[in-house]
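Breakdown of the fold
Each chain, letter by letter, is given below.
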Amino acid sequence: MNPPLPPVNTPLPSAVDRRRFFRLVGGAAVGSLASRFITGDALAAPLRPDNHQAKASEELVREYYASLNPYQRQQLVFPWNYVGAGTTPARLGVYNTAIGKAIGETCTKGQRELIERIMMSMSSGDDGWRKITRNGGWDTDNGILSCGAYIFGDPEGDRKFSFLFTGHHLTMRCDGNSEPNTAFGGPIFYGHIVNGYSQRNVFNEQTLKVMSVYEMLDADQQKHAVVDGRPATRDDTVFSPTQSGRDLPGIAGRDLSADQKGLIQGVLKDVLSPYREEDVAEVMDIVRANGGMEKIHLAFYRDTETNEKEPWSYWRLEGPGFVWNFRVLPHVHTYVSVAKV
Amino acid sequence: MNTPSFSTVLAMLVSAVLGSTNAVAQDATPKPRPRGGFDRPLADTPRFGNPGASPKLTIVELRMLLGHWADFDANKSQRLEKSEVPELFGKLFDEADLNHDGVLDEQERALVMQSAAAPAASTTAK
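Reading the values: rules and limits
- Residues numbered from 1 in each chain as written.
- Chains lettered and ligands numbered in written order.
- Predicted model: local features only at pLDDT ≥ 70, side-chain atom pairs only at ≥ 80, totals over all residues.
- Helix = DSSP H or I, 4+ residues; strand = E, 2+ residues; numbered from the N terminus.
- Buried ≥ 20, exposed ≤ 12 C-beta atoms within 10 Å, placed from the backbone.
- Contact = placed C-beta atoms within 7 Å.
- Pairing = 2+ DSSP bridges.

If you tally the helices and strands in chain A, you get 11 helices and 11 strands. With 341 residues in all, chain A has 50% of them scored as buried. A fraction of 71% describes how many contacts in chain A between residues 6 or more apart in sequence connect residues 24 or more apart.

See below:
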């Protein structure tokens, strides 16, 4: 289990590296299909920040990288800014499937087990592992073998790198803090192919928790918290997390009592619980730096799919540089983007 | 043996002509790359359908893999053991292992590499 979350309302004195993340994401056409076959310093990944620390997950990524044979490197390792068939650096995308060769068609059993250890080290305890693997099945027909595990940049030495894991309903990263001021190394995605209101959904407790928050709001607050329709599109959510000062839907943390704010912080704790401590701490640092829980809004969305028993199709926590967009119906799809602004 | 009537033959002809026209039309209009998280920037081709499906591996992919035989022969035994190949190739490996000794030797590799099976007629492994 993760330790209790630190308070998030204290501003951090550290300087904010504004919008570096957005510049990176917006910087299309930085690579090409041909460029990855060019070698030399020109395409070497940039140096990681001086203050990066080697963690268990990162060491395992290095081990995975070292284990790859030349053919596997050709299929699974890409330059830091590689775009491929997309329009933005591929390492920063959110994906719902293996985005290149799958683990089962490239990696040996030993390497697959190593990838499992990496993913295990990026999750928090048994419950985190259960959620991330969706009860071990990975929402695929051949488990982890149908997912993909790719490396961008250079995990050996001091160069930037990002280990990107993608599969059905999952995008996660481990980057040794190569992407500064950005939690999880970039936007992430999780989901489960079961109705979010069903107890069979591994994220059901997140839904129940947020519903209990709604019940604790008074009538006027509930009115402000409910939004008809659907939230912004995925692209808006992930690639342009809310800038400071924009009007946001839902009810803001500053309009809540201390008890109610504590409940929202409880939701945040729950949604962060599947991830390793370093990632949780980074999210909380960024929330604090961006203005704290006071600036986080909570909105519940109802549309034609909702009814009395299943009242929300989406709920969303949103603030400066922060989006946690949880789709409950027809099954869970959640996009997350947390970056300093 | 029954001889098909004129109307049956005509219907088959019309159907065949319309079918080929549709096929040409489909070929002329490339499918757009999928959105909604189904993008595959590291792949040559987009994926449609079930995003949790495994790649459909055939003898074509096995030949491609065996083209990198030396890379996967981790213990440099000049033979490929099953543990040295990616796991989804397991069924194809067993089919190529003609003497069932659990390894692919040079002769078995040569047979796979020389096989002229077209992709449509090849074995599919899950």
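Once the structure has been displayed, the description carries forward.
Residues and elements named next belong to chain A. The amide bond that connects L329 to the next residue, P330, takes the cis arrangement and shows omega of -5 degrees. Among the structural elements, P330 can be located in the loop between β10 (322–327) and β11 (332–338). In this structure, N135 takes a positive phi of about 60 degrees despite not being glycine. Mapped onto the elements, N135 comes out in the loop between α6 (125–133) and β2 (148–153). Despite not being glycine, H169 has its phi angle at roughly 65 degrees, a positive value. Looking at the secondary structure, you find H169 in the loop between β3 (161–167) and β4 (170–174). By C-beta crowding, H169 is classed as buried, having 24 other C-beta atoms within 10 Å.

Here A:N181 lies in the loop between β4 and β5 (188–192). Placed 18 residues apart in sequence, A:N181 and A:F163 show a C-alpha to C-alpha distance of 17 Å.

It is worth spelling out the pairing of β10(A) at this point. Two faces, one strand: in a regular strand the side chains alternate between the faces of the sheet. Residues and elements named next belong to chain A. With six of six residues buried, β10 lies mostly within the body of the structure. Alternating residues of β10 divide into F322, W324 and F326 and V323, N325 and R327, and every residue in both groups is buried. Two strands pair when backbone bridges link them, and strand β9 (residues 314–319) and β10 are joined in this way by six bridges, in the antiparallel orientation. Considered in β10, the bridge of R316 is made with N325. Between the antiparallel neighbours β9 and β10 lie two residues, among them G321 with a positive phi of about 65 degrees.

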